[in-house]
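# Results of the structural survey
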Amino acid sequence: MAKIVIDEERCKGCELCIPACPKNIIVMSEYFNKKGYHPVKQIKPEECTGCAFCAITCPDVAIEVFK
Amino acid sequence: MKKVFGSPKSLTKVPFTYCPGCHHGIAHRLIAEVLDEFGVREKTVGVCPVGCSVFAYVFFDCDMICAAHGRAPAVATGMKRAKPDSIIFTYQGDGDLASIGTAEIVHTANRGENITVIFINNAIYGMTGGQMAPTTLIGQVTQTSPYGRDPKTMGYPIKVAEMLSTLKGVAYISRVALSKPAYILKAKKAIRKAFQSQIEGKGFSLVEILSTCPTNWGLSPIEANKWLEENMIPYYPLGEFKTPEEVS
């Protein structure tokens, strides 16, 4: 059991975490955050393994990983 | 559930002001994680450069000082000599370290000052709007090389890691990249070794980090990562150029 928490206000929608995810369960959202960026969001949270590749790749330290 | 990954203590909670996809944030986080792991945050002083990362003093939760353009190694030398027990690192870009600060970095390395230099090489001047840097690749189009860098009039890209590794005072030099998770993990190892060699008093250490500047390269962050791997890594090979035997 693992989960990630995305700080949507820190996210700048650079999309670097999307190809980093081996399960392909991170996608762009359709809404905006306060800065005007589309933050990323996780789909199918039950598939997350907590590998932390998304968090390692994130240039804005916007992702926390729990396991 | 236990938190297995989060913001390191050596970073403040202030959101980074860098452009989306800029690798400065990753480099900042790796340095902060290493400071946390060694438990040296309270006695660390960082020197920020002139460039986009001039704001590093806002993001690092340790003592920071801002040096004049290119002079970070000189300021670091003074601080290390005045307080030899402190951990001193400089964080410099290619315009700062390889252009205006060439004299300072070469002589600081040659004197074997016991400091750690984090050198961000993104092959362009970021903050000033994308001008040609000494590390700009041959043929690369920038604001000041609109027809591509021509070595006949503009010289060749400087390989800082190789150049400095010939100096005797240098203890540890390596080049890493931040374009994919595997590289990022290796980059952290290299930064760890650099700080370790300073803590053990081995001498000058430098980590050259190949990073992207999506805004000034005119690419999306994902395309910029690809461009880095296809163009920069062949010219700037990754790896360690000098290691003291005891640091491994």
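Quick look at the structure, then. (Residues numbered from 1 in each chain as written. Chains lettered and ligands numbered in written order. Predicted model: local features only at pLDDT ≥ 70, side-chain atom pairs only at ≥ 80, totals over all residues.)

### Some words on the pairing of strand β2 (residues 44-48) of chain B
All names here are of chain B.
- For β2, a buried count of 5 out of 5 residues is recorded, marking the element as mostly surrounded by other parts of the structure.
- In β2, alternate side chains face the same way, and those of T44, G46 and C48 on one face and V45 and V47 on the other are all buried.
- As paired elements, β2 and strand β4 (residues 87-93) share 4 bridges and run parallel to each other. Note that in β4 the partner of T44 across the bridge is I87.
- Bridge analysis of β2 against strand β3 (residues 63-66) gives 4 bridges, and the strand direction is parallel. Among the inter-strand pairings, G46 is bridged to a residue of β3, identified as M64. (Buried ≥ 20, exposed ≤ 12 C-beta atoms within 10 Å, placed from the backbone. Helix = DSSP H or I, 4+ residues; strand = E, 2+ residues; numbered from the N terminus. Pairing = 2+ DSSP bridges.)

### Section: the packing of helix α1 (residues 24-38) of chain B against helix α8 (residues 181-199) of chain B
All names here are of chain B.
- In contact at an axis separation of 9 Å, α1 and α8 are set at 45 degrees when each is read in the N-to-C sense. Classed by the angle they form, the pair α1 and α8 counts as oblique. Crossing of α1 against α8: the hand is right-handed. Residues I26, L30, I31, E33, V34 and F38 of α1 touch α8, and the partners they reach there are I184, A187, K188, I191, R192, F195 and I199.
- A per-class count over the contact of α1 with α8 returns 10 nonpolar, no polar and 3 charged. (Axes fitted to C-alpha atoms, helices over the stretch in contact; angles between N-to-C directions. Parallel < 35°, antiparallel > 145°, perpendicular 65-115°, else oblique. Left-handed = near helix turned anticlockwise from the far one by under 90°. Contact = placed C-beta atoms within 7 Å. Nonpolar A, V, L, I, M, F, W, Y, C, P; charged D, E, K, R; others polar.)

### Observations regarding the nonpolar core
- Counting 91 residues, the largest nonpolar core has A:C54, B:I118, B:I191 and B:I209 as its most contacted members.
- Residues contacting B:I209, with those up to four places away along its chain left out, are B:A27, B:I118, B:F119, B:I120, B:N121, B:V176, B:L178 and B:A187. (Core = buried A, V, L, I, M, F, W, Y, C linked by C-beta atoms within 7 Å.)

### Looking at the sheet that holds strand β4 (residues 63-66) of chain A
- Read across the open sheet, the 3 strands follow the order β1(A)-β4(A)-β1(B); overall the sheet is antiparallel. With one partner strand each, in any of the chains shown, β1 (3-6) of chain A together with β1 (3-5) of chain B form the two edges of the open sheet. Sheet twist, expressed as the mean angle between neighbouring strand axes with direction ignored, is 35 degrees.
- Of the strand pairs in this sheet, β4(A) and β1(B) are connected by 2 bridges, and their pairing is antiparallel. Bridge pairing in β1(B) links A:F66 to B:K3.

Any link to function would need more than the numbers given here.
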